[in-house]
There are 2 protein chains.
Amino acid sequence: MTKNLTPTIYDVATAAHVSIATVSRVINNLEKVKPETRAAVLEAIDALGFVPKADARARAIRTQRRIGVITPFFTAPSFVQRLRGVAAALGPTPYELVIYTVTNSKHLNSYLDTLPLTGNLDGLIILSLELTDHYVQRLLDYHLETVLVEYPHDLLCSVEIDNEDGGKQAAGYFYKKGLRRFAFVGDTSTAEYGIHPISLRLNGFRKELTRLGAKLPDCQILIAPYDINKTREQAVQFLQNQELPLAIFAATDLQAISIIQAARQLDLKIPEDLAVIGFDDLDMAEYFNLTTIRQHLDESGQIAVEMLLSRLNNPGRPVQISKLPLEIIERGTA
Amino acid sequence: MTKNLTPTIYDVATAAHVSIATVSRVINNLEKVKPETRAAVLEAIDALGFVPKADARARAIRTQRRIGVITPFFTAPSFVQRLRGVAAALGPTPYELVIYTVTNSKHLNSYLDTLPLTGNLDGLIILSLELTDHYVQRLLDYHLETVLVEYPHDLLCSVEIDNEDGGKQAAGYFYKKGLRRFAFVGDTSTAEYGIHPISLRLNGFRKELTRLGAKLPDCQILIAPYDINKTREQAVQFLQNQELPLAIFAATDLQAISIIQAARQLDLKIPEDLAVIGFDDLDMAEYFNLTTIRQHLDESGQIAVEMLLSRLNNPGRPVQISKLPLEIIERGTA
DNA sequence: ATATACTATGTAAGTCCTTTCATAAAAGTA
DNA sequence: TACTTTTATGAAAGGACTTACATAGTATAT
């Protein structure tokens, strides 16, 4: 006696002892149906709680308010914090948050292929992923309102930061503290196309040092992988050959932390022997008492949402770009 | 040469010289389609301006392909790691991930009121939130398949851990290391109803100590708020009055980290003066070289998804419960 | 070279609903 | 009464998709 959870027109037909065609006619009240038959059908519909499912669903989906977020898989805390900002901003709105995590650019592209078609999204936010012109055009063609975070594009709205300025701030801060020997730690991941934020941070750091009359020779640049332990090992090796005191600017907080661990292992005093500035200001930075360049991760997500919603309400506005300020947070490591 | 005004999947198939099945696969990006084929199909779609009809689609799939996750707002990393497990498991499936973050139980209840009706969900996962019988019954009545993580309920599937055993393991570990003075740090947040995991951890810890002939007097229990800085301050105060060496079991990694910071501030040697065991094994634990009880957070999310999907495929199975093992991860703090 | 294991694709069946067409019953007409 | 017309209905085809199953084609192993 398994009750059908979602009755179809067939169930109604059976219950009312008529054919599905008749049921259909009753529902759409197109043609003449004998009053008694119609009554019987309606009764069956009521009894079964039937609602033309497919259409109902299609309608429901169409009216449902949905914002999609494409994000790199939650490996790095920075993505999570951005996402947190998105969730926070979306919370009080009637929009649903649909998450698409991607692990590589192929994966991203396959989402970009299909989401504008079948995604039923009102808007899209893309976190920390770079789009090719082709896909940007696709989003525009299909009128899927999109906001980019971190990797901007001329034709779409974006929330971005001035990576170069971040490097510059780090350099200036170190210099003002009287430090004169510098190093940089970054990761190996380079953009598949376009410009990588990490290189911009390095550029800004180096440029400002040069301007101040200091220098950053290539041998003082450590390129380490995205793995804490390996980075720490490499950092230990690197640090052993350095004259002290040294000032290191790490491209991310996570790498800064690896450096700190390496320094502890070598019994270097922080910040006396080794000054470290990170980049991001993750939640974790506070735990490590890390001096770092704050890039307002949570806010980036929030602002992206606000921008998107305002565009949905006022379509056709010119492309908007929001540049978030960077801010050096002085803690104990530099 | 009137071009069909509303092209169908058949037109696309013809234009791209493939079958409608392949077109369908491309727009749903389910299975493997050769990149060139996919490109050709997409080109045809673009050229014809094809857009799949939602009602037909709904008719054919007659499932939502949507899994909802209700989670406390991403404040604590443990929720994020659970969510990460969910996302990882859902990634390769055709299911969409819809996130509902809640900040209090009223908020949770309002979701539970509406989601079974209008959520258009195939299944629901509830992370670290406790349900009243009333809402459990509601989920059952509306046949919304649900899996609970962390706070189980007799009538629903769940993924849980043995909190008491975690406390026991910590006690045993300390004792075996020869430690004989103990303390516990937990947070103030108590469950609104039912039993709180933190108290279970404490219970297990205390019971095992008692069994071993040691004790944990109430004055050795520090109840600290969910704030790193305040916890650190309180911990500093607490530690100043302690005889050393001391073994502290922290109910969460975050609190263990606060303890470590306090210890550093007081120049205590870890693990000689102060041994610390945390609970969770967050990503961060490794950075802090924290000895801790691993509760397989990511896995909990993954298993919840697997359980849910298997139930969707085999409805009416008896309620399933998965108990994840706890495991002590030995690092540098104890 | 042959056997084996995948991959990519197509064929065809299935989904749930609408609509066309045929027909039995009822009603109207001569 | 016999003959048309009307009306109510069902059988079945069609619509726009998805998907289980089968197979040709390629890769890999022996």
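If you're wondering where the values come from, they're calculated on a predicted model, not measured in any experiment. (Residues numbered from 1 in each chain as written. Chains lettered and ligands numbered in written order. Predicted model: local features only at pLDDT ≥ 70, side-chain atom pairs only at ≥ 80, totals over all residues. Heavy atoms only, no water.)

## Looking at the sheet that holds strand β6 (residues 182-187) of chain A
Residues and elements named next belong to chain A.
- Taken together, six strands build an open sheet; the order of strands is β7-β6-β8-β9-β10-β12 and the sheet is mixed. A single partner strand is all that each edge strand has here, and the edge strands are β7 (221-224) and β12 (327-329). Across the sheet, the mean angle from the axis of one strand to that of its neighbour is 25°, orientation sign disregarded.
- The pairing of strand β9 (residues 274-280) with strand β10 (residues 292-294) spans three bridges and is classified as parallel. (Pairing = 2+ DSSP bridges. Helix = DSSP H or I, 4+ residues; strand = E, 2+ residues; numbered from the N terminus. Axes fitted to C-alpha atoms, helices over the stretch in contact; angles between N-to-C directions.)

## Some thoughts on the pairing of strand β4 (residues 145-149) of chain A
Residues and elements named next belong to chain A.
- Judged by how many residues are buried, β4 sits mostly within the fold: five of five residues are covered.
- What you see with β4 is no split at all: Glu145, Val147 and Val149 on one side and Thr146 and Leu148 on the other are buried throughout.
- Sheet topology places strand β3 (residues 123-127) next to β4; five bridges connect them, and they run parallel. When the bridges of β4 are listed, isoleucine 126 appears paired with leucine 148.
- Between the parallel elements β3 and β4, the chain passes through helix α7 (residues 133-141) in a crossover that is right-handed.
- Judged from the three bridges that link them, β4 and strand β5 (residues 157-161) form a sheet pairing that is parallel. In the sheet register, leucine 148 faces β5, and the bridge partner there is serine 158. (Buried < 20%, exposed > 50% of the residue type's maximum accessible area, 1.4 Å probe, protein only. Right-handed = clockwise from strand over helix to strand, strands pointing away.)

## Regarding the packing of helix α8 (residues 163-176) of chain B against helix α9 (residues 197-211) of chain B
Residue and element names in this part refer to chain B.
- The contact between α8 and α9 brings their axes to 6 Å, and the two run at 40°. The angle between α8 and α9 places the two elements in the oblique class. Here α8 and α9 pass one another in a crossing that is right-handed. Note on element contacts: α9 touches α8 through Pro197, Leu200, Arg201, Asn203, Gly204, Phe205, Lys207, Glu208 and Leu209, opposite Asn163, Glu164, Gly167, Lys168, Ala170, Ala171, Gly172 and Phe174.
- The residue makeup of the contact of α8 with α9, split by class, is seven nonpolar, five polar and five charged. (Parallel < 35°, antiparallel > 145°, perpendicular 65-115°, else oblique. Left-handed = near helix turned anticlockwise from the far one by under 90°. Contact = heavy atoms within 4.5 Å. Nonpolar A, V, L, I, M, F, W, Y, C, P; charged D, E, K, R; others polar.)

## As for the interface of chain A and chain B
- Every contact between the two is made by 44 residues of chain A and, on the other side, 46 residues of chain B.
- Both sides of the chain A and chain B interface together cover about 4000 Å² of buried area, and 60% of this is carbon and sulfur.
- Summed over the three residues of chain A that lose the most area to chain B, namely Arg57(A), Phe74(A) and Tyr287(A), the buried surface amounts to 18% of that side.
- Our count for the contact surface shared by chain A and chain B stands at three salt bridges.
- Of the charged contacts, one joins Arg138(A) and Asp46(B) as a salt bridge, the two residues approaching to 3.2 Å between their closest N and O atoms. (Buried area = accessible area lost by both parts, 1.4 Å probe. Salt bridge = Lys/Arg side-chain N within 4 Å of Asp/Glu carboxyl O.)

## Side note on the domain arrangement of chain A
- The assigned domain composition of chain A is domain 1 (9-60), domain 2 (63-161 + 298-324) and domain 3 (163-296).
- A straight line from the C-alpha centre of domain 1 of chain A to that of domain 2 of chain A covers 42 Å. (Domains from an automatic or database assignment.)

## Quick look at unusual backbone geometry
- Here the bond from Leu244(A) into Pro245(A) is cis, since omega is -10°, no more than 30 degrees from zero.
- As for its placement among the helices and strands, Pro245(A) is situated in the loop between α10 (228-240) and β8 (246-250).
- Look at His17(B): it is not a glycine, yet its phi comes out positive at around 55°.
- Among the secondary structure elements, His17(B) is positioned in the loop between α1 (9-16) and α2 (20-28).
- Under the relative-accessibility criterion, His17(B) is labelled exposed at 72%.
- A positive phi angle is found at Glu150(B), which is not glycine, with a value near 85°.

## Looking at the protein's contact with DNA strand D
- By nearness alone, 27 residues border DNA strand D, and Thr22(A), Thr37(A), Ser24(B), Lys53(B) and Arg65(B) come closest of all.
- In the environment of DNA strand D, a phosphate oxygen lies 2.8 Å from a nitrogen or oxygen atom belonging to the backbone of Ser19(A).
- In this structure, a base nitrogen belonging to DNA strand D sits 3.4 Å away from a side-chain N or O atom of Tyr10(B).
- Secondary structure elements with two or more residues in the surface near DNA strand D: α2 (20-28) of chain A together with α1, α2 and α4 (54-61) of chain B.
- Among the elements that line the surface near DNA strand D, the one with the most residues is α4(B), at five residues.
- Of the residues belonging to the surface near DNA strand D, the class tally is 13 nonpolar, seven polar and seven charged. (Near = heavy atom within 4 Å. Polar contact = N/O pair within 3.5 Å; in protein donor to acceptor, adjacent residues only side chain to side chain.)

## Looking at the sheet that holds strand β12 (residues 327-329) of chain B
Residues and elements named next belong to chain B.
- Pairing is mixed across the open sheet formed by six strands, whose spatial order is β7-β6-β8-β9-β10-β12. Since the sheet does not close on itself, it has two edges, and those belong to β7 (221-224) and β12, each with one partner. Between one strand axis and the next, the sheet turns by 25° as a mean value, whatever way the strands run.
- Examined bridge by bridge, strand β6 (residues 182-187) and β7 share four bridges and lie parallel to one another. Within β7, the position partnered with valine 185 by the bridge is leucine 222.

## Re the environment of Tyr10(B)
- For Tyr10(B), the position within the fold is in helix α1.
- Taking C-alpha positions, Tyr10(B) is 38 Å from Ile125(B), a pair spaced 115 residues apart along the chain.

## Structural notes on the pairing of strand β8 (residues 246-250) of chain B
Residues and elements named next belong to chain B.
- The element β8 is extensively covered by neighbouring structure, given that five of its five residues are classed as buried.
- The two faces of β8 match: Leu246, Ile248 and Ala250 on one face and Ala247 and Phe249 on the other face are all buried.
- Relative to β8, β6 is paired through four bridges, and the arrangement is parallel. From the neighbouring strand, phenylalanine 184 faces β8, where its bridge partner is phenylalanine 249.
- In this sheet, strand β9 (residues 274-280) lies alongside β8 in parallel orientation, the contact comprising four bridges. Each bridged residue has a counterpart across the sheet, and for leucine 246 the counterpart in β9 is leucine 274.
- Regarding the hand of the β-α-β motif, the stretch spanning β8, helix α11 (residues 253-265) and β9 is right-handed.

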